[in-house]
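# Inside the fold
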Amino acid sequence: MTECPECAAKDIVVEMKFDANTKHFICKKCGLFATREQVSDIRYRLNKREKTREDKHDEYRDWWTTSKKDKQG
Ligand SMILES: [Zn+2]
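Summarised in this report is the structure supplied together with it. Quick caveat, the model's predicted, so the values are computed rather than measured. (Residues numbered from 1 in each chain as written. Predicted model: local features only at pLDDT ≥ 70, side-chain atom pairs only at ≥ 80, totals over all residues. Heavy atoms only, no water.)

This part is about the coordination of the zinc ion. Looking at the zinc ion, the protein donor atoms are C4 (SG), C7 (SG), C27 (SG) and C30 (SG), and they sit 2.2 to 2.4 Å from it. Each of the four donor atoms bound to the zinc ion contributes to angles spanning 104 to 115 degrees, and the resulting shape is tetrahedral. (Donors = N, O, S within 2.8 Å, 3.2 Å for Na, K, Ca; no water. Tetrahedral: all angles 85-135°; square planar, octahedral: opposite > 155°, others 65-115°.)

Take the nonpolar core next. Residues C4, C7, V14, M16, F25, C27, L32, A34, V39, I42, L46 and W64 constitute the largest nonpolar core, which totals 12 residues. With three residues, helix α2 (residues 36-51) is the largest single contributor of residues to this core. Setting aside residues no more than four positions away along its own chain, F25 makes contact with T2, M16, K17, F18, L32, F33, A34, T35, R36 and V39. (Core = buried A, V, L, I, M, F, W, Y, C linked by side-chain atoms within 4.5 Å. Buried < 20%, exposed > 50% of the residue type's maximum accessible area, 1.4 Å probe, protein only. Helix = DSSP H or I, 4+ residues; strand = E, 2+ residues; numbered from the N terminus. Contact = heavy atoms within 4.5 Å.)

For the structure on display, the rule yields one salt bridge. Residue D41 pairs with R45 through a salt bridge whose shortest N-O separation is 2.9 Å. Of this pair, D41 and R45 both sit in helix α2, separated by four residues, roughly a single helical turn. (Salt bridge = Lys/Arg side-chain N within 4 Å of Asp/Glu carboxyl O.)

See the structure below:
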């Protein structure tokens, strides 16, 4: 199963649903919509951020917000 990295960051275990048409994983809880690669990337970024919590630079959030806007357009 593919666990949602966004929800996992909040200590919630959510299994992502795979959409075969778009080849994307979807989280029913937070609405995350990402390919397997993106899920891995998000997980990596969140793990990295966990270790550098003092770092104010919010690169991940910028990336995700931009990514979301693209999808809605
Ligand atoms: Zn989620």
